[in-house]
Amino acid sequence: MERFYTDFSAIEGTNCYCSADSADRIRKILSALPLHAFHCIGTGDYHYQTLFWLERIEEPFSLILFDHHPDDQPGAFGTELLSCGGWVARARRLPALRADRWIRDAADFPALDTLPDLPVYISLDLDVLSEAYARTDWDQGAMTLDELSGALRMLSGARRILGVDLCGGSTPEKGASPADLALNAATGETLYGLFRDLI
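Scope of this entry: the structure provided in the associated data block.

About the criteria used
- Residues numbered from 1 in each chain as written.
- Predicted model: local features only at pLDDT ≥ 70, side-chain atom pairs only at ≥ 80, totals over all residues.
- Heavy atoms only, no water.
- Pairing = 2+ DSSP bridges.
- Helix = DSSP H or I, 4+ residues; strand = E, 2+ residues; numbered from the N terminus.
- Axes fitted to C-alpha atoms, helices over the stretch in contact; angles between N-to-C directions.
- Contact = heavy atoms within 4.5 Å.
- Buried < 20%, exposed > 50% of the residue type's maximum accessible area, 1.4 Å probe, protein only.
- Phe/Tyr/Trp six-rings, centres within 6.5 Å; stacked < 30°, edge-to-face > 60°.
- Right-handed = clockwise from strand over helix to strand, strands pointing away.
- Disulfide = S-S within 2.5 Å.

Section: the sheet that holds strand E7 (residues 120-125)
Paired through backbone hydrogen bonds, the strands of a sheet run either parallel or antiparallel to each other.
Argument step 1. With respect to topology, six strands assemble into an open sheet ordered E1-E3-E8-E7-E4-E6, the strand pairing being parallel. Across the chains shown, the open sheet's two edge strands, defined by having one partner strand only, are strand E1 (3-5) and strand E6 (97-103). Pairwise comparison of adjacent strand axes, ignoring direction, gives a mean angle of 15° for this sheet.
Argument step 2. With six bridges connecting them, E7 and strand E8 (residues 161-167) associate as parallel partners. When the bridges of E8 are listed, tyrosine 121 appears paired with glycine 163.
Argument step 3. Where helix H4 (residues 145-158) meets the sheet, its contacts fall on strand E4 (61-66), E7 and E8, and the angle it forms with E4 comes to roughly 170°.

Here it is in structure tokens:
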């Protein structure tokens, strides 16, 4: 599975909320990239980008979200403006999406056993991990990297993976230190390593 990095922070109307015009522009750019890949999509402010990958899936599938936040909340500016905190609600309208599971900590892992027998798309937010494994600009969970890695190994062994994306972390502009950036990069490398050899 190849890895791709995207950064749309220079496009106006994309930070936390994404305007309709900017969304169409991003969709056009992403159309040149394969769905079946490991997509590094930037900070959690751009997690809504997952929706654009899910829109390309035509066969029935399940979404698995590893995130400290559910990302299905109504936006402050209405339900139709796409946001980093509300994109899952939009994803649930997709005709091919049959099930979704929000995994916040290891206690939620049994929910993965109740998934239908379908291929899966996996979306990862670093804020699901404790600060020992990632540093983000949102409040974080308590999951360990070993716990997350174990769940991902189980999924990749039991299900066909349609695609994976990773977001989270922080930036120097938001106060991230070189040590924070190095920790996040190392964790990202570990997570990518779990999927690197998937065909």
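So, next bit.
Things to note about the side chain of threonine 187
Argument step 1. Its place among the elements puts threonine 187 in helix H5 (residues 178-195).
Argument step 2. Relative accessible area serves as the criterion here: at 3%, threonine 187 is assigned to the buried category.
Argument step 3. Not counting chain neighbours up to four residues away, the residues in contact with threonine 187 comprise Leu126, Leu129, Tyr133 and Leu145.

Here we look at the packing of aromatic side chains
Aromatic rings in a pair are described by how distant their centres are and how their planes are angled relative to each other.
Argument step 1. Considering all chains together, one arrives at four aromatic pairs under this definition.
Argument step 2. Their ring planes at 35° and their centres at 6.1 Å tell us that phenylalanine 38 and phenylalanine 195 sit as a pair that is tilted. Of the two residues, phenylalanine 38 sits in strand E3 (residues 38-40) while phenylalanine 195 sits in helix H5, which places them 157 residues apart along the sequence. For the pair phenylalanine 38 and phenylalanine 195, a shared accessibility class is recorded, and that class is buried.
Argument step 3. Residues tyrosine 46 and tyrosine 48 carry aromatic rings whose centres are separated by 6.2 Å and whose planes lie at 50° to one another, so their mutual orientation is tilted.
Argument step 4. With a relative accessible area of 1%, tyrosine 48 lands in the buried category.

Some thoughts on the pairing of E7
Argument step 1. Of all six residues in E7, six are buried; the element is thus mostly enclosed.
Argument step 2. Alternating positions in E7 separate into two faces, Val120, Ile122 and Leu124 on one and Tyr121, Ser123 and Asp125 on the other, with burial throughout.
Argument step 3. Relative to E7, E4 runs parallel, the two sharing five bridges. Following the sheet pairing, serine 62 is matched in E7 by valine 120.
Argument step 4. As a crossover connection, the stretch from E7 through H4 into E8 is right-handed.

Some words on the state of the cysteines
Should the sulfur atoms of two cysteines be covalently bonded, the bond is a disulfide.
Argument step 1. All told, the structure shown has zero disulfides when counted by the stated rule.
Argument step 2. The closest cysteine sulfur to the non-disulfide-bonded cysteine 18 is located on cysteine 84, 11 Å from its own sulfur.
Argument step 3. Of the residues examined, cysteine 18 reaches a relative accessible area of 2% and is grouped as buried.
Argument step 4. Distance from the sulfur of cysteine 40, which forms no disulfide, to the nearest cysteine sulfur (cysteine 167) is 10 Å.

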